[in-house]
Amino acid sequence: MYRKEKPLLLKGSTSALANNLSIEVNLEKGIISYATVHKSLVNLVSASLDGTSVNPRQIPCKEPSASQGFTMILQAKLVQMGARTILVMTSQKGIQMYDADSSTMLFWYALGDVTQAEPQVSFGRGICAVLSDYICVGNHKGEIIVLHIPARGSNITVSETLTGNSAAICDLASENEKMVSCDDLGTVIVWKVGDTCQQLLKINGPGYPCSAVSIWNDLIVAGYSSGHMRVFNASTGRLHIEIAAHARWITAIDIAKKVGEVISVAEDTFLHIWQLKPGPEPEIEHKFSDCVSDVQLQGASFISEDGRAFAVTGYDNNELMFYSVC
Amino acid sequence: MSLKTLPLLFINLGGEMMYILDQRLRAQNIPDEKAKKVMHDITSTMFNTRFMEELFKPQEIYSKKAMRTVFDRLAHASIMRLNAASMDKLYDLMTMAFKYQVSLALRPRDILLITLNHMDAIKQFVTDSPSIATQVDNVYRLFIHHYASLTLGEFMLIRQTLLNFFQDLRIRVSIFLKEKVQTCNGHFVLPTDGTIPWGTELPGAIRVYTPTGEQKKTMQFNCGGKWQHIKSEGSFDIRGDRGTPLGTNMYNVARPALETKVSGSHVVSASTAEGDSALAPNPLATAQLDLLSKLIGRNETKQGTPEFRLNLFNTDEEEEEAAIMQPMETAQARVIKIDASKQGESTELSRIMGELDVDETGDGEDQDLLDLMDSAN
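Computed from a prediction, not measured in an experiment: that's the story for all the values here. (Residues numbered from 1 in each chain as written. Chains lettered and ligands numbered in written order. Predicted model: local features only at pLDDT ≥ 70, side-chain atom pairs only at ≥ 80, totals over all residues. Heavy atoms only, no water.)

### Overview of the overall build of chain A
From N to C terminus, chain A includes zero helices and 29 strands. What you see for chain A is a C-alpha radius of gyration of 18 Å, in line with the 20 Å of a compact globule of 326 residues. Reported as C-alpha extents along the three principal axes, the dimensions of chain A are approximately 50 × 45 × 40 Å. Out of the 326 residues in chain A, the part that is buried amounts to 64%. Intrachain contacts of chain A at a sequence separation of at least 6 include 47% that bridge at least 24 residues. (Helix = DSSP H or I, 4+ residues; strand = E, 2+ residues; numbered from the N terminus. Rg over C-alpha atoms; globule rule 2.2 N^0.38 Å. Buried < 20%, exposed > 50% of the residue type's maximum accessible area, 1.4 Å probe, protein only. Contact = heavy atoms within 4.5 Å.)

In structure tokens, the structure reads:
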């Protein structure tokens, strides 16, 4: 099935944050980029497709002023926007975007109200690209900020702010113009994102945070803090499948979009690979599992959309662990 | 990140410190009266009402250096003195123990149960001082007031903030290694056959539903682990069974001296640039450190009992050896920047700083540890 490959050593260990691994493959340039959060900086690795050349970098979260102490990053994601790859990072201070090749900053959006006398918690969490024009980012209040990204240059503008989730956003995912958001109360909302945005559907949560979400073939796969995974129809909201998948908090879910393979990882040290079969009555089958001993897994992503290879990361561990079909 | 992490971090580290001091005080045959005074003085300083009020205000956690300084002060809030090597060892043990508890917590809310375990034990240490016991009870109320209504998501953020604080800290602790809960590279052993969090389902079932929401069929899959349900949720009341051993006193059984070993990975991680909080002291933390120092200062003025020195090692020779072997990094970490800037403002503070450098101020009684050991022989 799958075989564990030689790991890639990161410059710093992976922080305990859900969805803490982002992979972007640029076939034209022949580069695979990996991003993980380490405290207040992002470990960014660019490697050639065959893995012979590896270029690790660290991009710190920039501060609005030097006196504010250190900032914890909550998520980092690489998104393909036309010809360029953008690194989006969210912290307690705001949203930052960088050109992933040159590490130059493209955009800064401040979060939080500094006028309040008592410090208030604020953060961005949940990042996804929609079509090739928008990057959506969630925040602590449950809002989703829709940012318009030009084909080139740094004229990034706020297009709209979506309100619908009533607790902090955990994760965002998209398919074509559809975007799915999930939050700390387990609520899942389906949106249409474009020149005008619209809430299409709301699936009430079980009270447990929905920490990771993915969408494929109009099927939503959601992972919860209770260890459950649920498959919903993204047009009707109908619950098709429920899996008692993990013994701890699920931290990441990803789908290999060509073949419908799903990976789920959790803090119980297990990774599971599932085969999702689409259709009016979708089904799911357990294909593979592995235990990464003594590592609380925090991130998982397929490297190729055919599901032939994937990588996982874990807390306090500075390896990118690879698996490939054997 | 979460602005509600600091009280949990402080009380749990403090609780671990009390466990270790209690064990060492007994191991070194410190007279009961003196040992009790140490435990009482430290607890009453730790749970000082004004300090607790400040601590429970929403704020970022202290940097690692500031937190260490707080505990340097706290450990010296009584008649006991620790030299640098013993203080390092004490702090290493405290932090690794709490990192273990946070890492092994079944669900983020268990961190509150772990805290209550520590509170319960501290309360036991001060049962014969009603005024200090009242102080402890007030902090129970503060915890219930501030944490009872937090959502699972907020607790997760607290846990992530704590794990972030402890990230890359992989000191090997003999008690953990012996019990096989820590690997030789400093990571904790994560069992795959224990209990699952309260209120969750054993993994292994796949349920398929019909359009009307009825269960069409259920399949099983091999989830890999051998999990079982937990017997009780654990009580969040002032008194009750917390339902978890995490946070209870692991030194209760008679054990040989505690040992820490600095693993290679720890040394490496300490020297990497990590954009750590240690680089930028938080102005709020500075203010609170000042407050704590003043409180401790006030405490010390009323002391009349001669001081004694506590050793976290088996013998003085081992302690000296550890002091020599300390990496430069750790030695530098003892430079207390924050307080130095305030030296002119507080005479109490200056006095404490002066006292920190003094190893022994005994007045000729059998206060020295070597003397104690000789008399025991």
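### Details of the interface of chain B and chain A
Contacts between the two partners involve 61 residues from chain B, matched on the other side by 59 residues from chain A. Both sides together, the interface formed by chain B and chain A hides about 4,900 Å², and carbon and sulfur atoms give 56% of it. At the boundary of chain B and chain A, one finds six salt bridges. One salt bridge in this structure joins K99 of chain B and D316 of chain A, with 2.4 Å as the shortest N-O distance. Inspection of the region where chain B meets chain A yields 23 residue pairs in polar contact (both at pLDDT 80 or more). Breaking the side of chain B that touches chain A down by element, the ones donating at least two residues are α5 (84–104), α8 (152–166), β3 (205–209) and β4 (215–220) of chain B. Ranked by residue count, the leading element in the side of chain B that touches chain A is α8 of chain B, at eleven residues. Bridge analysis of strand β22 (residues 239–244) of chain A against β3 of chain B gives three bridges, and the strand direction is antiparallel. The partner of E242 of chain A across the bridge, within β3 of chain B, is R207 of chain B. (Buried area = accessible area lost by both parts, 1.4 Å probe. Salt bridge = Lys/Arg side-chain N within 4 Å of Asp/Glu carboxyl O. Polar contact = N/O pair within 3.5 Å; in protein donor to acceptor, adjacent residues only side chain to side chain. Pairing = 2+ DSSP bridges.)

### Comments concerning the packing of helix α1 (residues 6–27) of chain B against helix α2 (residues 32–46) of chain B
All names here are of chain B. Remark: α1 packs on α2, axes separated minimally by 10 Å, with the N-to-C direction vectors making an angle of 175°. The angle between α1 and α2 places the two elements in the roughly antiparallel class. Here α1 contributes F10, I11, G14, G15, M17, M18, L21, D22 and L25 to the contact with α2, which in turn contributes A35, V38, M39, I42, T43 and M46. For the contact of α1 with α2, a count of residues per class yields eleven nonpolar, three polar and one charged. (Axes fitted to C-alpha atoms, helices over the stretch in contact; angles between N-to-C directions. Parallel < 35°, antiparallel > 145°, perpendicular 65-115°, else oblique. Nonpolar A, V, L, I, M, F, W, Y, C, P; charged D, E, K, R; others polar.)

### Side note on the state of the cysteines
Residues and elements named next belong to chain A. Scanning all chains against the criterion turns up zero disulfides over all chains. Free of any disulfide, C170 has its nearest neighbouring cysteine sulfur in C182, separated by 5.4 Å. With no disulfide of its own, C210 has C182 as its nearest cysteine by sulfur position, at a separation of 3.7 Å. (Disulfide = S-S within 2.5 Å.)

### Regarding the packing of α1 of chain B against helix α4 (residues 64–75) of chain B
Residue and element names in this part refer to chain B. At their nearest, the axes of α1 and α4 sit 12 Å apart, and the two run at 45° to each other. Here α1 is positioned oblique relative to α4, judged by the angle of their axes. Considering how the two elements wind past one another, α1 and α4 form a crossing that is right-handed. When α1 is examined against α4, the residues L6, L9, F10, L13, G14 and M17 are found in contact with a partner set consisting of M67, V70, F71, L74 and A75. Looking at the contact of α1 with α4 residue by residue, the classes come out as ten nonpolar, one polar and no charged. (Left-handed = near helix turned anticlockwise from the far one by under 90°.)

### Quick look at α8 of chain B
All names here are of chain B. Taking 1.5 Å as the rise per residue, α8 with 15 residues should run 21 Å; its terminal C-alpha atoms sit 21 Å apart, in good agreement. Across the 15 residues that make up α8, a large majority, 14, are buried. D168 sits one or two positions beyond α8 and adopts a positive phi of about 75°. (Expected span 1.5 Å × (residues − 1).)

### A few points about the nonpolar core
Among the nonpolar cores identified, the biggest contains 85 residues, and F10, F71 and L90 of chain B are the most heavily contacted of them. What F71 of chain B contacts, discounting residues up to four positions off in sequence, is F10, L13, G14, M17, M87, Y91 and M94 of chain B. Within the second largest apolar cluster, 25 residues are counted, among which are A212, W216, I241 and W274 of chain A. (Core = buried A, V, L, I, M, F, W, Y, C linked by side-chain atoms within 4.5 Å.)

### Focus on the sheet that holds strand β8 (residues 84–91) of chain A
Residues and elements named next belong to chain A. With antiparallel pairing, four strands are arranged side by side in an open sheet as β7-β8-β9-β10. Of all strands in the sheet, those bounded by a partner on one side alone are β7 (73–81) and β10 (105–110). Neighbour-to-neighbour, the strand axes of the sheet open up by a mean angle of 15°, direction not taken into account. Pairing of β7 with β8, which is carried by eight bridges, proceeds in the antiparallel orientation. Across the sheet, the residue bridging to L78 is L87, located in β8.

### Things to note about the sheet that holds strand β4 (residues 31–38) of chain A
All names here are of chain A. Judged by pairing direction, the sheet is antiparallel, and its four strands sit side by side in the order β3-β4-β5-β6 without closing on themselves. Only two strands of the sheet have a single neighbouring strand rather than two, namely β3 (22–26) and β6 (54–60). Neighbouring strand axes in the sheet, compared pairwise and without regard to direction, differ in orientation by 20° on average. As paired elements, strand β5 (residues 41–48) and β6 share seven bridges and run antiparallel to each other. Along β6, the bridge assignment pairs L41 with P60.

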